[in-house]
Amino acid sequence: MISVCIATYNGEAYIAEQVDSILSQLSDEDEIIISDDHSTDRTLQILRSYNDPRIRIYTNEIDNSGLQPVQKVTRNFENALRHANGDYIFLSDQDDAWTSNKVEVMMRYLKDYDYVQCKCIFTDQNLKIDKEAIDPAPAHSNRWKSLFFIAPYKGCCAAVSRRLLDKALPFPQGLQSHDRWLGYLGSIRYKYIIIPDRLVYYRRHQGNISSYGKSNNPLSYRIKTRLHYVKCLINRCLFNR
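Residues numbered from 1 in each chain as written. Predicted model: local features only at pLDDT ≥ 70, side-chain atom pairs only at ≥ 80, totals over all residues. Heavy atoms only, no water.

A. Region of the structure containing the packing of aromatic side chains. Overall, the coordinates contain five aromatic pairs when judged by the stated rule. Plain terms: the ring middles of phenylalanine 90 and tryptophan 98 are 5.7 Å apart, the flat faces sit at 45° to each other, and that makes the pair tilted. The class for phenylalanine 90 is buried, based on a relative accessible area of 0%. Overall, tryptophan 98 belongs to the buried group, its relative accessible area being 5%. In this structure an aromatic cluster arises from ring pairing among Tyr115, Tyr153, Tyr184 and Tyr229. Lying across the ring of tryptophan 98, lysine 102 places its NZ or CZ 3.9 Å from the centre. Over the ring of tyrosine 113 we find lysine 191, and its NZ or CZ is 4.9 Å from the ring centre. (Phe/Tyr/Trp six-rings, centres within 6.5 Å; stacked < 30°, edge-to-face > 60°. Buried < 20%, exposed > 50% of the residue type's maximum accessible area, 1.4 Å probe, protein only. Lys NZ or Arg CZ within 6 Å of the ring centre and 35° of its normal.)

B. Region of interest: the environment of aspartate 112. Looking at where aspartate 112 falls in the secondary structure, it is placed in the loop between helix 4 (102-110) and strand 6 (115-123). As for aspartate 112 and isoleucine 193, which are separated by 81 residues in sequence, their C-alpha atoms are 9.7 Å apart. (Helix = DSSP H or I, 4+ residues; strand = E, 2+ residues; numbered from the N terminus.)

C. Looking closely at unusual backbone geometry. In this structure, proline 170 follows leucine 169 across a cis peptide bond, with omega equal to -10°. Among the secondary structure elements, proline 170 is positioned in the loop between helix 5 (162-168) and helix 6 (178-189). Even without being glycine, histidine 38 reaches a positive phi, approximately 60°. Position of histidine 38 relative to the elements: it lies in the loop between strand 2 (31-36) and helix 2 (43-49). Owing to a relative accessible area of 42%, histidine 38 belongs among the partly exposed residues under this scheme. The backbone of leucine 127 sits at a positive phi, close to 65°, despite the residue not being glycine. Here leucine 127 is to be found in the loop between strand 6 and strand 7 (158-161). Leucine 127 sits in the buried class, given a relative accessible area of 19%.

This is how it looks when you write it as structure tokens:
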């Protein structure tokens, strides 16, 4: 069984296109788990209009007070992941779209790996492919170096096994990014692979929360957050807490 987890918040502009690209690849036994962070637009109305039993909608009731926008997204994703029932769990942003063979290709690898990540195709807001776009986040392939330098992990391109997800939940307090938490845990504790296939249309628009590899945070903040990941990984891997 496959679970696709989507965190939504005021995503009416693109959510239907994303869901359409996913549903066509799922069986009747699979599911799309939506965690909505109290949207005030038509996001929920659009999702409910599908009247598809594979789409299950939950409201994120996790306390977001005092969190940065990216941390709010992380907690919203955690809520979706908590409700996932699948043996294989895909993560999806609300404003992208999947290629028609994404599930098929990634499932081949998920039989042997616990963390699988594809690459993406850069587009504008209308999904027009930007052939000149260059990935702004060249990443270290060395899993240890990625703890302290630019990391390659992108949640919107990732899928994980049930056993990895069970180890990842609940998320430790103070995480800055679910992408990195799952990627770090998958690469250090389990078998992981980043495949060359480009299977996600990564839509870039003014409403993107993630800057995709760019950071305006001071160096001290970045060092502090990375050290927090290391602490959390040690606790989770050695002491299961």
